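# Report on the structure
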Amino acid sequence: MTIKAVRGVHDILPVEAATWQHVEATARRVFEAYGYREIRLPIFERTELFARGIGEVTDIVQKEMYTFVDRTGESLTLRPEATASKLRAYIEHGLHVQPKPVRLYTVGPMFRYERPQAGRYRQFHQLNVEALGEQHPALDAEVIAMLIDFFKALGLADRLQLELNSIGDAACRPQYRERLVAYLRAHAARLCEECHERTEKNPLRVLDCKKAECRPVLDGAPALADFLCEACADHFARVRRYLEAMGLAYVINPRLVRGFDYYVRTTFELTTTHLGAQNAVAGGGRYDGLIELLEGPPEAGIGFAIGMERVVLLLGSTVETPKPVALLIPLGEAALARLLPVAQAVRARGVPVDLGYGQRKLRAELERANKLGVAHAVIVGDAELERGEAIVREMKAGAQRTVPLADLAAELCVLGGRA
Ligand code: HAM
C-alpha cells in the first residue's frame, strides 16, 4: 500500500506556492512597517510551557496537544500556538531590556489534534504577532489596525468583520465568574453535556457554545460588560475610541471569550461568512500577566495570530504562478553547449527561463513550451549556429524573428523585464 499523508495534515503544492508566498510577503511588509521583527522559534517545547502558558483546563491543553516522550523520558509537545514559545524566548534571551514595546512576529506551522474539516487541520500555519511590555490601550488599537491593514493589502478587508470584547482582569473577572457559574448551574437542565463540564472547569467558555439548544440560556446569561472594573472599562472605552479615530469599524461580541486562559481585557477576532463553519480568520487579545506567569518580568502583552490556510482559501486562486519567460530549444548537442551558458547568464539576472536538452524533436519541444505557458521559444539548430543566430518565436502569435546569438542573453533579459 502506498503511504499517504496523515489525516488532517496537507501538502502545499507548487500551484499554491505563489499564493502562500504572496500572503507571507505581504505580512512581512505590513508587520515590518509597524516595527515588528521576525523571531524564528522551535516547533516543539517542553509540555509544561503550554500547560502553564495556555492553561491546564483549556481544550487545547486537555484534548488537542501532540505530546510525546523523547528518548530521555522528557515530555515534549508540538506547539499548538506560538505565544507561549515567543514569551519563553523573550524571557530566556532577556529581550525585555530592549525599548518597549518589543514587537515580534513569527511564521510557521502549529499542531492541534482537532476534528479535521474544511479550513480546519491538525497541522496548520499561522502568522503570529506579539507586542510586549506596554499596557497602553492605544497599542491594542494599533495592533488591531495592523491586522486590518494586512487584510486590506490582500484586498480581503471588506469580507471580514472585526469582533471586539473585553473580558476584564483579575480584579473584576472573579466576581463575574461567580455570578455566571451560579446562573449556569441554575439553568443546567437546559444546557448540553459539554456546557455542564465547562461550567465547573472553565465557565467563561460556556458562552462560546454554538449549540442551538443552549442558546436561550446563554443569551440570558449575565454580561461581562456589566462587571468590568473601572480600570478595565476605561481601557476598553479607550481602545474603542482609538479604533474609531482610525475609522475602523467593529462589532462588540460579548461572547468573545476565546480558548486560552491567558487573555485579559481586550479580545478580538476577524470573522467571515465565506468559510462555512470555520469563521475565524484571525484572533488575539491582551495577556498582561502571562510573562510573569512564565517567570519573566511583570509586563503586559498583546498579540494575534492569523490562520494562513483560511487566508489562502479566501484569496482563492487570484495569485498567478510565475512562468518562465522562454523555453530555450537547442536542436542537438552543439546547440545545447551554446545555449547552456546563455540560460545560466539570464537566470543569474533573475529572469526565469527553461531549457531543453537537445534530445527531443522541435515539435515535441514546442508542445512542451505550450504546456509550460511560456511566451517565447528560442530555437537554435545547426543552421542557426552556423549563422550565429537564434530564432525567437512568439508562442501565441506564432511570429518568428532572428536575434544574433551574441545578443540573445540581453534580449531575454529585456523580455523578462530586466533590461
Ligand atoms: P487562535 O484563535 O487559536 O489563536 O488561532 C488563530 C487563528 O489560527 C484562527 O483564527 C484560525 O484562523 C487559525 N487556526 C486555529 N486553529 C486552526 C486549525 N485547526 N486549522 C486551521 N486554522 C486554524 C491563537 O493561536 C493565539 N495564540 C493568538 C494570539 C497571539 N493571541 C495573542 N497572541
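For the structure, check the block above.
Now for a description of the structure that goes with this document. (Residues numbered from 1 in each chain as written. Predicted model: local features only at pLDDT ≥ 70, side-chain atom pairs only at ≥ 80, totals over all residues. Heavy atoms only, no water.)

Secondary structure assignment for the chain yields 15 helices and 16 strands. Counting all 419 residues of the chain, 50% fall into the buried class. For the chain, contacts bridging at least 24 residues in sequence account for 69% of all contacts bridging at least 6. Within the structure as shown, the chain displays about 20,500 Å² of accessible surface, and the carbon and sulfur contribution to it stands at 52%. In the chain, 54 side chains carry a positive charge and 54 a negative one; their mean positions are 3 Å apart. (Helix = DSSP H or I, 4+ residues; strand = E, 2+ residues; numbered from the N terminus. Buried < 20%, exposed > 50% of the residue type's maximum accessible area, 1.4 Å probe, protein only. Contact = heavy atoms within 4.5 Å. Areas by Shrake-Rupley, 256 points an atom, 1.4 Å probe, with all protein chains shown as cover. Lys, Arg positive; Asp, Glu negative; His and termini not counted. Charge placed at Lys NZ, Arg CZ, Asp CG, Glu CD.)

The two faces of a sheet get side chains in turn, since along a regular strand they alternate between them. Among the seven residues in strand β10 (residues 280–286), seven count as buried, and that is most of the element. Here strand β9 (residues 264–271) pairs with β10 via six bridges, running antiparallel. Paired with Thr267 across the two strands is Gly285, which belongs to β10. Relative to strand β11 (residues 301–307), β10 is paired through five bridges, and the arrangement is antiparallel. Residue pairing for β11: Gly283 is matched across the bridge by Ala305. (Pairing = 2+ DSSP bridges.)

Bridge count for strand β15 (residues 389–394) against strand β16 (residues 400–404) is five bridges, and the pairing is antiparallel. Bridge assignment links Ala390 to a residue of β16, and that residue is Val403. Where β15 folds back onto β16 in an antiparallel hairpin, the turn is made up of five residues, including Gly398, whose phi is positive at roughly 80 degrees.

Next up on the list: unusual backbone geometry. For the peptide bond that leads from Lys100 to Pro101, omega is -10 degrees, which places it in the cis range. Mapped onto the secondary structure, Pro101 falls in the loop between α4 (83–92) and β5 (102–111). Non-glycine residue Glu295 carries a positive phi angle of around 70 degrees. Structurally, Glu295 can be placed in the loop between α10 (290–293) and β11.

A sheet is described by the order of its strands in space; here eight strands give the open sequence β1-β5-β6-β11-β10-β9-β7-β8, paired in mixed fashion. Edge positions in the open sheet fall to β1 (37–38) and β8 (251–252), since each of these has one partner strand only. The strands touched by helix α5 (residues 137–153) are β5, β6 (123–132), β7 (161–166), β9, β10 and β11; relative to β11, the strand with the most contacts, the crossing angle is about 15 degrees. (Axes fitted to C-alpha atoms, helices over the stretch in contact; angles between N-to-C directions.)

Around the ligand sit 27 residues in total, of which Glu81, Glu114, Tyr121, Glu130 and Tyr263 are the nearest. At 2.9 Å, a side-chain N or O of Arg258 approaches an oxygen atom of the ligand. Burial of the ligand by the protein amounts to 96% of the accessible area it has alone, namely 660 Å². Counting only elements with at least two residues in the shell around the ligand, the list comes to β6, β10 and β11. It is β10 that provides the largest number of residues to the shell around the ligand, a total of six residues. Of the residues contributing to the shell around the ligand, the split by class is eleven nonpolar, nine polar and seven charged. (Near = heavy atom within 4 Å. Polar contact = N/O pair within 3.5 Å; in protein donor to acceptor, adjacent residues only side chain to side chain. Nonpolar A, V, L, I, M, F, W, Y, C, P; charged D, E, K, R; others polar.)

So, about the packing of aromatic side chains. Both the distance between ring centres and the angle between the ring planes are used here to describe each pair of aromatic rings. Enumeration over the complete set of coordinates arrives at twelve aromatic pairs. With 6.2 Å between their ring centres and 65 degrees between their planes, Phe44 and Phe68 make a pair best called edge-to-face. With Phe44 in strand β2 (residues 44–46) and Phe68 in strand β3 (residues 66–69), the pair connects residues that are 24 residues apart, well separated along the chain. On the accessibility criterion, Phe68 (34% relative accessible area) is partly exposed. Between Phe260 and Tyr262, the ring centres sit 5.1 Å apart and the planes meet at 20 degrees, which makes this aromatic pair stacked. An identical accessibility class is assigned to Phe260 and Tyr262; each is buried. (Phe/Tyr/Trp six-rings, centres within 6.5 Å; stacked < 30°, edge-to-face > 60°.)

Moving on: the pattern of salt bridges. One pass over the full model with this rule turns up 30 salt bridges. In this structure, Lys63 engages Asp59 in a salt bridge whose closest nitrogen and oxygen atoms are separated by 3.7 Å. Of the two residues, Lys63 and Asp59 are both situated in helix α3 (residues 59–64); the distance of four residues between them amounts to about one turn of the helix. We note a salt bridge from Arg185 to Glu200, for which the minimum N-O separation is 2.8 Å. On the criterion of sequence distance, the pair formed by Arg185 in helix α6 (residues 173–186) and Glu200 in helix α7 (residues 193–201) is long-range, its members being 15 residues apart. (Salt bridge = Lys/Arg side-chain N within 4 Å of Asp/Glu carboxyl O.)

Between its first and last C-alpha, helix α9 (residues 230–245) extends 22 Å over 16 residues, near the 22 Å set by a 1.5 Å rise per residue. For α9, the complete set of buried residues consists of Cys232, His235, Phe236, Val239 and Leu243. Viewed end-on, α9 has its buried residues packed into an arc of 95 degrees, placing them on one side of the element. Those residues of α9 that are exposed and aimed more than 90 degrees away from the buried face are Glu230 and Ala245. Considering only its buried residues, α9 is in contact with α5, β7, β8, β9 and β10. Of the residues flanking the end of α9, it is Gly247, one or two places downstream, whose phi is positive at about 70 degrees. (Expected span 1.5 Å × (residues − 1). Arc of directions from axis to C-beta.)

Bringing the state of the cysteines into the picture now. Per the stated rule, a full pass over the model turns up zero disulfides. Between Cys172, a cysteine without a disulfide, and Cys229, which holds the nearest cysteine sulfur, the sulfur-to-sulfur distance is 3.6 Å. For Cys172, a relative accessible area of 2% gives the class buried. (Disulfide = S-S within 2.5 Å.)

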